[in-house]
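The primary structure of each chain is shown beneath.
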Amino acid sequence: MTEAERFVDETAKWLMPDRIHWCDGSEEEDARLKAQMLGDGTLIKLNEKELPNSYLHRSDPSDVARTEHLTFICSEKKEDAGPTNNWLSPKDAKAKADPLFRGAMKGRTMYVVPYVMGPLGSPFSKVGIEITDSAYVVANMRIMTRMGKAALDQLGSSDDFVPGVHSIGDLSPERRAIMHFPETKTIWSVGSGYGGNALLGKKCFALRIASTMARDQGWMAEHMLILELTVPSGEVHYITAAFPSACGKTNLAMLVSPLEKQGYKVRTVGDDIAWLRPGPDGRLWAVNPEAGFFGVVPGTSYDTNPNAMNTITHDTIFTNVAVDGNGVPWWEGKDKNPPAGMIDWMGKPWDKMGKAAHPNSRFTVAAAQCPSISPKFNDPMGVPISAIIFGGRRSRLAPLVFETRDWAHGVFAAATMGSETTAAATGAVGVVRRDPMAMLPFCGYNMADYFGHWLKMGTLVKSPPKIFHVNWFRQNDAGKFIWPGFGENLRPLLWMLDRVAGKGDAVETAIGAVPTKGSLNLDGLDMPAADLDAVLSVDNADWKAETPGIREFFAKFDGKVPKPLVAELDNLEKRLG
Ligand code: OXD
Ligand code: MN
């Protein structure tokens, strides 16, 4: 018996399913499951002519986003989870989970989903096995990972896989828990069918568990998109960017260059997660461990993200969008004219008072369908990274872009970044919180140690990428966004590449180097000079008001924040005067 078979056997004894099905990932299997889900109402068929082979899933209205307060890191020591994670001891976690899981699959089918995170055969890639009682999860995992036979082939008789147990339970938030055991590299999730809680390859494995593996093995698992930027000389650069959930990673990754005719071209490698390793050439190399996109739908349109719109025209699973009388999905921001006779995300006639689509409604779609997918998407060696970008949603404070002074300062800027919360997690929206590296909900261990790991990576990589910070969301006094965003975000990227090449003018400010107005390529962009001044301005008084909050955040870690980062804070305060 292989370790995989033993895991399935033991789990079956615990969860007591009526049937066990090992998923092979084939088209026949997918078609069979979809027919079954159409039969039991889990899926609704969308207009076949408009959107071939596409479906709508309506989730339980109480199960529409990640539930951070029910997400636990279950390390032996509380200190290893750190002050930013909910902690349970493995013993307490098991005691809490046992009654939720025992017999949970009676009357149900237990699906065994073997999957690979990362390109098949890549030295970066890792195998997981998710056990689930949700056919919707199986269909999504088939899109989001390399799933089925290919994964079993890659695993062979090895015991090197991340076991995950998932049951939707009774979907009750009172009996919901998402548990990670970093010491045994195990994931247990019960009571939710929502993507981030239930597709265990994504946040649970590729970020929380992988971040602990990366710490131990000298690599990095990050909440980052990866994009490819070709310049007129034909040179190709790769950039990663970390923004909190629902802050535009998918839009940036699929950006349509306004300067395509001049030879500036953008292609997509990943939109959510990057696994990064030092390469033999002294650079940092990255792969996207995922095979698909689980993107936020509202706000997606032919204006904001035409590549996404063209990606989701077929073979797409929509979750919690609205649908018109013709079976065509609709969401806020799709276009200005909501069609008549619309059914909202909860399946009721839309009363036009509430949202038609849930603000965190999603599309699940294969990356291979994306018109801008990079030819390097499946490259087992990944891509070399020239620049790393961090950013958040700040209506004030942060300028459009700044370059950090060096690796340690970049790590400091990333570790202290703040962002206004979004609908991707349950809880208040629009509140500024510290979200280090956009990893606050996803780091599987003490974030002070994670900062230390980042500092160490700067020494393991001989030519580390330059680190930048961006803010697309700055508003003027009237509450309007100053920067046009979307495709125009190419322009700060070009300045970054200039800086990487030792070119590009900048003004040194207390927080880092900000482009001079003349150093940004603004060809074809009609932007009032005053707006440009405003979006590039750094207000020392505002930043001074920010530093006590940073000190308070550091204080949470009981003296564990690495000294170089505390020194960065001291130096920032000195520079601010
Ligand atoms: C996601 C998230 O789904 O960050 O990617 O919530
Ligand atoms: Mn994400």
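Residues numbered from 1 in each chain as written. Chains lettered and ligands numbered in written order. Predicted model: local features only at pLDDT ≥ 70, side-chain atom pairs only at ≥ 80, totals over all residues. Heavy atoms only, no water.

Would you mind showing me how to read the coordination of the manganese ion (ligand 2) here?
The reference angle at a metal is 109.5 degrees if four donors form a tetrahedron and 90 or 180 degrees if six donors form an octahedron. Around the manganese ion (ligand 2), the protein supplies Lys-203 (NZ), His-223 (NE2) and Asp-272 (OD) as donor atoms, at distances of 2.1 to 2.2 Å. Counting along the primary sequence, the residues that act as donors to the manganese ion (ligand 2) give the motif K-x19-H-x48-D. With Lys-203 in helix H8 (residues 201–217) and Asp-272 in the loop between strand S15 (265–270) and strand S16 (274–278), this residue pair connects regions lying 69 residues apart in the sequence. For Lys-203, a relative accessible area of 5% gives the class buried. When its relative accessible area of 8% is taken as the criterion, Asp-272 is described as buried. (Donors = N, O, S within 2.8 Å, 3.2 Å for Na, K, Ca; no water. Helix = DSSP H or I, 4+ residues; strand = E, 2+ residues; numbered from the N terminus. Buried < 20%, exposed > 50% of the residue type's maximum accessible area, 1.4 Å probe, protein only.)

I keep staring at the packing of aromatic side chains and nothing clicks. Help me out?
Applying the stated criterion across every chain yields a total of 22 aromatic pairs. Arranged with centres 6.2 Å apart and planes meeting at 85°, the rings of Phe-243 and Trp-472 form a pair that is edge-to-face. Separated by 229 residues along the polypeptide, Phe-243 in the loop between strand S14 (236–242) and helix H9 (249–253) and Trp-472 in the loop between strand S27 (466–470) and helix H13 (490–500) bring together distant segments of the chain. Of the two residues, Phe-243 and Trp-472, neither departs from the other in class, the shared state being buried. For the pair Phe-468 and Trp-495, a centre-to-centre distance of 6.0 Å together with 70° between the ring planes defines the contact as edge-to-face. Residue Phe-468 is located in strand S27, and its partner Trp-495 is located in helix H13; the two are separated by 27 residues in the primary sequence. The two residues Phe-468 and Trp-495 agree in class, both being buried. (Phe/Tyr/Trp six-rings, centres within 6.5 Å; stacked < 30°, edge-to-face > 60°.)

For this particular structure, what's the right way to read the sheet that holds strand S22 (residues 362–366)?
Hydrogen bonds between backbone atoms are what pair the strands of a sheet, whose relative direction is either parallel or antiparallel. Read from one edge to the other, the open sheet built from 5 strands follows the order S2-S3-S19-S22-S18, with strand pairing classed as mixed. In this open sheet, the two strands that pair with only one neighbour each are strand S2 (44–45) and strand S18 (292–296). Sheet analysis places strand S3 (residues 55–57) next to strand S19 (residues 317–319), joined by 3 bridges and oriented parallel. From the neighbouring strand, His-57 faces S19, where its bridge partner is Thr-319. (Pairing = 2+ DSSP bridges.)

Would you mind showing me how to read the site of ligand 1 here?
In the region of ligand 1, the neighbouring residues are Arg-66, Lys-202, Lys-203, His-223, Ser-245, Asp-272, Phe-294, Arg-362, Ala-424 and Phe-442. Contact distances for ligand 1 include 2.9 Å between an oxygen atom and a side-chain N or O atom of Arg-66. Here an oxygen atom of ligand 1 and a side-chain polar atom of Asp-272 are 3.1 Å apart. Split by residue class, the shell around ligand 1 holds 3 nonpolar, 2 polar and 5 charged. (Near = heavy atom within 4 Å. Polar contact = N/O pair within 3.5 Å; in protein donor to acceptor, adjacent residues only side chain to side chain. Nonpolar A, V, L, I, M, F, W, Y, C, P; charged D, E, K, R; others polar.)

Explain the domain arrangement of the protein chain here, please?
Interfaces are often described in size by the accessible area the parts lose on coming together. In terms of domains, the protein chain is made up of domain 1 (3–42 + 69–218) and domain 2 (222–290 + 377–538). Distance from the C-alpha centre of domain 1 to the C-alpha centre of domain 2: 31 Å. Both faces combined, the contact of domain 1 with domain 2 buries some 2,700 Å², and carbon together with sulfur accounts for 56% of it. Contact with domain 2 buries area across many residues of domain 1, yet Phe-124, Leu-207 and Arg-215 alone supply 25% of it, more than any other trio. Counting the contacts that link domain 1 with domain 2 gives 3 salt bridges. The residue Glu-290 makes a salt bridge to Lys-202 at a minimum N-O spacing of 2.9 Å. (Domains from an automatic or database assignment. Buried area = accessible area lost by both parts, 1.4 Å probe. Salt bridge = Lys/Arg side-chain N within 4 Å of Asp/Glu carboxyl O.)

When you look at unusual backbone geometry in this model, what are you seeing that I'm missing?
A negative phi angle characterises most non-glycine residues, just as the trans form characterises most peptide bonds. With a phi angle near 65°, Lys-352 is a residue other than glycine that sits in the positive phi range. Residue position: Lys-352 is located in the loop between strand S21 (329–330) and S22. Classification of Lys-352 by relative accessible area gives exposed; the value is 62%. Non-glycine residue Asp-558 carries a positive phi angle of around 50°. Tracing the backbone shows Asp-558 in the loop between helix H15 (540–555) and helix H16 (563–576).

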